[in-house]
Amino acid sequence: MPEPAPLILTLQMDETAFARFDGLRRRHFPEALNHIPAHATLFHHLPGEDVAGVTETVTVLARLQPPPEVTVTGLRFTGRGVAYVLASEALSAFRGQVAAAFRDRLTAQDRQGWRPHVTVQNKVAPETARALHAALSESFAPTLFQAPGLLLWRYLGGPWERIAEIPFGGQA
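Everything in this summary refers to the structure shown in the same document. Everything numeric in this text was worked out from a predicted model, so none of it was measured.

So, how was this worked out
- Residues numbered from 1 in each chain as written.
- Predicted model: local features only at pLDDT ≥ 70, side-chain atom pairs only at ≥ 80, totals over all residues.
- Heavy atoms only, no water.
- Helix = DSSP H or I, 4+ residues; strand = E, 2+ residues; numbered from the N terminus.
- Rg over C-alpha atoms; globule rule 2.2 N^0.38 Å.
- Buried < 20%, exposed > 50% of the residue type's maximum accessible area, 1.4 Å probe, protein only.
- Contact = heavy atoms within 4.5 Å.
- Areas by Shrake-Rupley, 256 points an atom, 1.4 Å probe, with all protein chains shown as cover.
- Core = buried A, V, L, I, M, F, W, Y, C linked by side-chain atoms within 4.5 Å.
- Pairing = 2+ DSSP bridges.
- Axes fitted to C-alpha atoms, helices over the stretch in contact; angles between N-to-C directions.
- Polar contact = N/O pair within 3.5 Å; in protein donor to acceptor, adjacent residues only side chain to side chain.
- Phe/Tyr/Trp six-rings, centres within 6.5 Å; stacked < 30°, edge-to-face > 60°.
- Lys NZ or Arg CZ within 6 Å of the ring centre and 35° of its normal.

A count of helical and extended segments in the protein gives 5 helices and 8 strands. Taking 172 residues into account, the globule formula puts the C-alpha radius of gyration at 16 Å, and the protein, at 16 Å, falls close to it. Seen through its C-alpha atoms, the protein measures out along the principal axes to roughly 45 × 40 × 30 Å. Per-residue burial for the protein yields a buried fraction of 45% across its 172 residues. Partitioning the intrachain contacts of the protein with sequence separation of at least 6 by distance along the chain shows that 76% fall at a separation of at least 24. As displayed, the protein offers around 9,000 Å² of accessible surface, 53% of which is attributable to carbon and sulfur atoms.

So, in structure tokens, the structure goes:
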């Protein structure tokens, strides 16, 4: 019997931030490869065989965390794409708590340093990515958004299936 597909934990953005990033992703990410909405990943591979346990652990920790404010600090050229760089001390601390809760079950990718970002373009020719990076950089100004919660997904080999929406700070 195959191992259940892993779970992915992403940041839920407020409506304005999500609309902005998802619009950019729809415009600049290769359509044939764009199976998922704009997102900022906290964990790439949580245990897929324990949906209830993962959901419960993350929910308990999220209840203790007020919705964090996240700063969009800049743009990152990734070689074959472009991402917006995010920063939030509160969110980083929260991620550390979740990492500690799953410490023995994290993959190497999720144990390494976390660099929060939202990818709006990937898997394009370097010159295409360089051009978008330059164009977006011309009008870039740091912005803030509120993160009302988290989204838990199951990885389906390309597309993702949403499993749960988990609010911060006990919000309904």
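By size, the foremost hydrophobic cluster in this structure holds 39 residues, and its most contacted members are Leu11, Phe21, Val58, Phe94, Phe145 and Leu150. In this structure, Leu150 is in contact with Leu9, Thr10, Leu11, Gln12, Leu42, Val58, Ala62, Phe94, Ala164, Glu165, Ile166 and Phe168, ignoring residues within four places of it in sequence. In terms of nonpolar packing, the next biggest core, distinct from the first, is built from 5 residues, Ile8, Ile36, Leu151 and Trp160 among them.

Another point: the sheet that holds strand β8 (residues 160-167). Sheet architecture is open: 4 strands sit in the order β2-β1-β7-β8, paired in antiparallel fashion. Across the chains shown, the open sheet's two edge strands, defined by having one partner strand only, are β2 (41-46) and β8. In this sheet, neighbouring strand axes are inclined to one another by 20° on average, regardless of whether the strands run parallel or antiparallel. In the sheet, strand β1 (residues 7-12) pairs with strand β7 (residues 149-155) via 6 bridges, with the strands oriented antiparallel. What sits directly across from Leu9, in β7, is Leu152.

With that out of the way, let us pick up the environment of Thr73. Relative to the assigned elements, Thr73 resides in strand β3 (residues 69-77). Among the residues examined, Thr73 registers a relative accessible area of 40% and is labelled partly exposed. In sequence terms Thr73 and Asp14 are 59 residues apart; their C-alpha atoms lie 17 Å from each other. Residues in contact with Thr73, not counting those within four places in the same chain, are Val85, Leu86, Ala87 and Phe140.

With respect to the helices, strands and loops of the structure, Thr10 is situated in strand β1. By relative accessible area, Thr10 is classed as buried at 1%. There is a polar contact of 2.9 Å between the side chain of Thr10 and the side chain of Trp153. Every residue in contact with Thr10, bar those within four places of it in the chain, is listed here: His39, Ala40, Thr41, Leu42, Leu150, Leu151, Trp153 and Trp160.

Enumeration according to the criterion identifies 5 aromatic pairs in this entry. Judged by centre distance (5.2 Å) and plane angle (85°), the rings of Phe94 and Phe168 are edge-to-face. Residue Phe94 is located in helix α3 (residues 89-101), and its partner Phe168 is located in the segment after β8; the two are separated by 74 residues in the primary sequence. Phe168 carries the same exposure label as Phe94, and that label is buried. Put simply, the rings of Phe21, Tyr84, Phe140 and Phe145 touch in pairs and so form one group of aromatic residues. Here Arg25 stacks its cationic end above the ring of Phe29, 4.1 Å away from the centre of that ring. The cationic tip of Arg95 hangs over the ring face of Phe43; the distance from NZ or CZ to the ring centre is 4.2 Å.

Just geometry here; none of it tells us what the structure is for.
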